[in-house]
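For reference, the chains in residue letters:
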Amino acid sequence: MAVSLKVNGAIRSVPAEPDTPLLYVLRNDLELNAAKFGCGAAQCGACTVLVNGQPVRSCVTSIDQLNGAEITTLEGLGTIDKPHALQRAFIGEQAAQCGYCINGMIMAAKALLDAKPHPSEAEVREALAGNLCRCGTHGRIIRAVLHAASEMGRT
Amino acid sequence: MNASLSRRDFAKGLGGIVLAFSLDPALAQPGKPLPGSLATNKMLDAWIRINADGTATVFTGKVELGQGILTALAQIAAEELDLPLSRVAMISGDTGRTPNEGVTSGSQSIEYSGTALRLAAAEARALLLELAAAKLQVDASQLRVTDGIISAANGRSIAYAELAAAVDLHREATANVKPKPAGAHKVVGLPVERFDIPGKVTGKAAYVQDLRLPGMVHGRVVRPPRYGSTLASVDETKVRAIPGVIAVVRDGSFLGVIAEREEQAVKARIALTEAARWTLGPELPDPAHIFEHLKALPAKVEVIGTKQSPVDASARVIEASYTKPYMAHASIGPSAAVAQFNDGKLTVWTHSQGVFPLRAEIVKTLKLQAGDVRCVHHEGSGCYGHNGADDVGLDAALLARAVPGKPVRLQWMRDDEFAWEPYGPAMAMQAKASLNGEGRIVDWNYELWSNTHSTRPQSTTGANVLAAWYLAEPQQMGPPTSPPQPAGGGDRNAIPLYDFPSQRVVHHFIQDMPLRVSALRTLGAYANVFALESFMDELALAAGADPVAFRLAHLKDPRGRAAIEKAAQLAGWTPDQKSDGAHGRGIGFAKYKNLACYVAVVADVEVDRASGRVSVLRAFAAADAGLVINPDGLTNQLEGGIIQSTSWTLHEEVKFDRQGILSRDWSNYPILTMPEVPKVEVALINRPDERALGSGEASQGPMVAAIANAFANATGRRIRDLPFHPARVKATLA
């Protein structure tokens, strides 16, 4: 069985059953590392990707729901050489300790900034409420998102 | 544990890396072991190799846990070698390649590995200079090195690359070459950005979970309903019929499955769970009476601090008891490992904090030779101590043994981690003090009850990895141990820093472990500081004294006093603050381990009486960590500790009943979320003439006490049992 997916702008065919969670396809078939397995139950946000611009928990989203959808992963935002403003801001603020939650933080922030380019701090906190961080890096993450918002507003 | 310490003390976040210059290594001394980890790993080329392209490869037995240690160690090596950081490559935590430096824990990475690398690099540079001097026909003392190019005054020069083949580092270190003085440092002390962060924010392979080997298959394990259960039977028929399933693996009561694809392994795990029949192990204690149960278990009783002087018989006696529940490490990513058997040789890729101790456990359990097992570190999700990292390594090895040649990647599912990780132990604390007519504490009695705070691999004489206890030939854990004072284990920070004329502190070290426990960040300090500092406020109230003034009146240590005064000043503390019934302010203070960083925190809380919800609005912290190397790195560590402590204090408690562990996902083990995170302000007291002190676990204890005291200030009622969840708050206020 093969299913076609559009990931980071490219059509990819994957040899997976239709009920396979997107997360495993991204990580194992497409070798995209960013989305992480955290809970498998949409509780922690580590697996967040964008589907048609909306943040989605890839651990509970089966690939048969994604026909024709535009899937964007952290890899699709930017690279080390050409980072997205959010990625640049997270590096600038050194807003990671272990970093396992950071994919979800950046993807949720991307969805927020796309919908609301100049969020307040409270809006950033609310947008990231479903993304768990265990190292206590929250303050830096909030700063990085606000910093990216102001950077993006300038260009 | 202090797993996190090495990092947190010295190497952190924004603005880069912190190095402890105060740990300048002593040179070798006759008759004494070589300094740092050179004592146990003497060969120079075990630490440093110079490559033909002029780069250096640097080896360390310490591992990256998200603390930035590899960046910091690279800075040390680059500094002494006079190489740019870009030409230093780090190899870490690999039983096949690196020195054995035990476990990455206890604030020791810079001290041990850093010292070894600093001396080894200085010696390697001296050997390169010696060769260069001969080739350039000048005296070595006339040579300068810039970016790996050795130049003489006469303009001639030679690159490390040209000397790489000739320089013989396969020799024992002498540790006789003096490293650079701090004033000459060019790389050490710079706010270097961590090497690992750009990859982590762009999706590069950064974790053992990201490892993909050719031909790799996927494993999952099935654990029993509760501790000590044995597998009675399992009908594998349905499981084997699931597409992609390669093997069902059973050894005694260890049960797992291997499939071609990860989602197939996940499905097979569900089927295997349904197919397994267990003979249940002993019931767990009744959680409603867990502390009575623990106190009744056999314990070693140790009096750890006594001072004696006559106590005025008219003094008023005040008593209080406190408790802390079992808490989980609750890593965001469940533990994972990849294992592969090839021709009887096993390789395990692991995020263990100690690849050598893990290897020793695997060798013992699987009856292999040390030379046939290699453990290689790859990062995992943050661990905060001893989580499932080591256990999943053995699990993966057991699966891989069933499919020789094939690499098996195993990530625990969420409930594997929550239900089977070793928790931070539940603790009970009992305090009794006498106040004289002048409002001074004249006698102090404190007792605590706790299990061990470390059952790490190699911490006992027996087997210390989960699956070993469930095999057909089961192994047992040895008797638990506890580190001695002053650092202590369960009794960490149990001895007050205050000056009481008469005191007695007793550690009841409980031997039986009804729930699995081990090292969680701060060990016993979080609970002890909660109890001690809550009790100080209770005594201040009884004495009619302001909590800040009351502490100062009982504390001689000038640095402790300064930290308390600074936090109070930062917060704008005023005596006799009256609450409006909803808002309150409290202070907490400790010197971590009674030998590391001083931290005082003032917290502001808001209590919603209707919902029972406690919000921590702000925290003001003052810290004295001795010489401040990188103020922002230190601040980051203290902030992280304050936020994690807020989560522990408001939410965290491992839930269980007689039938087993109930905390199996984030809904029944909630942690602090982004909207709840307090605003944190940190003031540092820089003491350039003092030794740099460990700070990574220093703020958790003071923060819980500050929250507890703020709650009492807000409501006039005191909560003595953690956590401060809404039901408890409502019951307290009813």
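Because the structure is a prediction, the values reported are computed rather than measured.

(A) Structural detail: the overall build of chain B. Assigned secondary structure in chain B consists of 17 helices and 26 strands. The C-alpha atoms of chain B give 27 Å as radius of gyration, which agrees with the globular expectation for 734 residues (27 Å, within 12%). Taking all 734 residues of chain B together, the buried fraction comes to 57%. Nonlocal contacts in chain B, meaning residues at least 24 apart in sequence, comprise 80% of its contacts between residues at least 6 apart.

(B) Local environment of the overall build of chain A. The helix and strand inventory of chain A stands at 6 helices and 5 strands. Listing every helix and strand of chain A by position from the N terminus yields β-β-α-β-β-β-α-α-α-α-α. Over its C-alpha atoms chain A spans a radius of gyration of 15 Å, differing by no more than 12% from the 15 Å that the globule rule assigns to 155 residues. If one aligns the C-alpha atoms of chain A with their principal axes, the spans along those axes are about 45 × 30 × 25 Å. In chain A, which comprises 155 residues, the share counted as buried stands at 56%. By sequence separation, contacts in chain A at least 24 residues apart represent 57% of the contacts at least 6 residues apart.

(C) Spatial organisation of the domain arrangement of chain B. Residue and element names in this part refer to chain B. We note that the domain assignment places domain 1 (5-197), domain 2 (208-281 + 329-420) and domain 3 (427-453 + 489-733) within chain B. A straight line from the C-alpha centre of domain 2 to that of domain 3 covers 38 Å. Counting residues at the interface gives 12 residues for domain 2 and 13 residues for domain 3. Of the residues assigned to the side of domain 2 that touches domain 3, the class counts are 6 nonpolar, 3 polar and 3 charged.

(D) Geometry of helix α10 (residues 389-402) of chain B. Residue and element names in this part refer to chain B. Between its first and last C-alpha atoms α10 spans 21 Å; for 14 residues at 1.5 Å apiece the expected length is 20 Å, and the two agree. Of all 14 residues in α10, 12 are buried, a share of seventy percent or more. Those residues of α10 that sit buried are A389, D390, D391, V392, G393, L394, D395, A396, A397, L398, L399 and A400.

(E) The interface of chain A and chain B, seen in detail. Contacts between chain A and chain B engage 51 residues on the former and 45 residues on the latter. Among the elements of the structure, α1 (22-29), α2 (74-77), α3 (85-92), α4 (102-115), α5 (121-127) and α6 (138-154) of chain A are those that each provide at least two residues to the side of chain A that touches chain B. For the side of chain A that touches chain B, the class distribution of residues is 24 nonpolar, 19 polar and 8 charged.

(F) Examining the packing of helix α12 (residues 525-543) of chain B against helix α16 (residues 700-715) of chain B more closely. Residue and element names in this part refer to chain B. Their axes nearest at 8 Å, the elements α12 and α16 cross at an angle of 35°. For the pair α12 and α16, the crossing hand works out as right-handed. From α12, A525, Y526, V529, F530, E533, S534 and D537 reach across to α16, where they touch Q700, G701, P702, V704, A705, A708, N709 and A712. Residues that form the contact of α12 with α16 fall into these classes: 9 nonpolar, 4 polar and 2 charged.

(G) Representation of the nonpolar core within the structure. Residue and element names in this part refer to chain B. With 228 residues, the main nonpolar core has A396, A567, V599, V601, A621, A623 and F711 as its most contacted residues. Element by element, the count of residues in this core is highest for α12, at 12 residues. Setting aside anything within four residues of it in sequence, one finds V599 in contact with A563, A590, A621, A623, L638, A698, S699 and P702. Ranked by size, the runner-up nonpolar core spans 42 residues in total, among them L34, I50, I110 and V167.

(H) Geometry of the environment of R220 of chain B. All names here are of chain B. Structurally, the position occupied by R220 is in strand β7 (residues 217-222). Residues R220 and V408 lie 188 residues apart in sequence; the distance between their C-alpha atoms is 9.6 Å. In contact with R220, other than residues within four places in its own chain, are G256, V257, A265, V266, A268, R269, L410 and M413.

(I) Broad picture of the pairing of strand β4 (residues 54-57) of chain A. Residue and element names in this part refer to chain A. For strand β3 (residues 48-51) and β4, the ladder comprises 4 bridges, and the chain directions are antiparallel. Its bridge partner lying in β4, V51 is registered against Q54. Following β3, the chain reverses through 2 residues before pairing antiparallel with β4; N52 in that reversal takes a positive phi of roughly 50°.

(J) Structural context of the domain arrangement of chain A. Residue and element names in this part refer to chain A. Annotation of chain A at the domain level lists domain 1 (3-77) and domain 2 (85-154). Inter-centroid distance (C-alpha atoms) of domain 1 to domain 2 is 21 Å. Facing the 15 residues of domain 1 at the interface are 15 residues of domain 2. Those elements that place two or more of their residues in the side of domain 1 that touches domain 2 are β3, β4 and α2.

(K) Local environment of the packing of helix α9 (residues 355-366) of chain B against α10 of chain B. Residue and element names in this part refer to chain B. Two elements in contact, α9 and α10, have axes whose closest approach is 10 Å; the angle formed by their N-to-C orientations is 40°. Judged by the angle between their axes, α9 and α10 are oblique. Taken as a pair, α9 and α10 cross one another with a handedness that is right-handed. Packed against α9, whose contacting residues are L358, E361, I362, T365 and L366, the element α10 presents D390, G393, L394 and A397 at the interface. In terms of residue class, the contact of α9 with α10 is made up of 5 nonpolar, 2 polar and 2 charged.

(L) Examining unusual backbone geometry more closely. Residues and elements named next belong to chain B. In the segment running from Q485 into P486, the intervening peptide bond is cis, with an omega of 5°. Structurally, P486 is set in the loop between β19 (441-450) and β20 (503-510). Looking along the chain, the bond that leaves L722 and enters P723 is cis, with omega of -5°. Looking at where P723 falls in the secondary structure, it is placed in the loop between α16 and α17 (726-733). Here A330, not a glycine, exhibits a phi torsion of approximately 50°, which is positive. Inspection of the secondary structure puts A330 in the loop between β13 (316-324) and β14 (336-342). The buried category is assigned to A330, around which 25 C-beta atoms lie within 10 Å. Even without a glycine there, the phi angle at N594 is positive, about 60°.

(M) Just the environment of Q369 of chain B, in detail. For Q369 of chain B, the location among the structural elements is in the loop between α9 and β16 (373-377). With 114 residues separating them in the primary sequence, Q369 of chain B and L255 of chain B have C-alpha atoms 24 Å apart.

(N) Representation of the environment of T461 of chain B. Among the secondary structure elements, T461 of chain B is positioned in the loop between β19 and β20. Residues T461 of chain B and S253 of chain B, spaced 208 residues apart in sequence, show a C-alpha to C-alpha distance of 23 Å.

(O) Highlighting the sheet that holds strand β5 (residues 149-151) of chain B. All names here are of chain B. The sheet built from 3 strands is open, its strands ordered β4-β5-β6 with antiparallel pairing. The strands lining the two open edges of the sheet, one partner per strand, are β4 (144-146) and β6 (157-159). Strand-to-strand, the axes of this sheet are offset by a mean angle of 25°, without reference to chain direction. By the bridge criterion, 3 bridges tie β5 to β6 in an arrangement that is antiparallel. Bridging across to β6, I149 finds its partner in A159.

About the criteria used
Residues numbered from 1 in each chain as written. Chains lettered and ligands numbered in written order. Predicted model: local features only at pLDDT ≥ 70, side-chain atom pairs only at ≥ 80, totals over all residues. Helix = DSSP H or I, 4+ residues; strand = E, 2+ residues; numbered from the N terminus. Rg over C-alpha atoms; globule rule 2.2 N^0.38 Å. Buried ≥ 20, exposed ≤ 12 C-beta atoms within 10 Å, placed from the backbone. Contact = placed C-beta atoms within 7 Å. Domains from an automatic or database assignment. Nonpolar A, V, L, I, M, F, W, Y, C, P; charged D, E, K, R; others polar. Expected span 1.5 Å × (residues − 1). Axes fitted to C-alpha atoms, helices over the stretch in contact; angles between N-to-C directions. Left-handed = near helix turned anticlockwise from the far one by under 90°. Core = buried A, V, L, I, M, F, W, Y, C linked by C-beta atoms within 7 Å. Pairing = 2+ DSSP bridges. Parallel < 35°, antiparallel > 145°, perpendicular 65-115°, else oblique.

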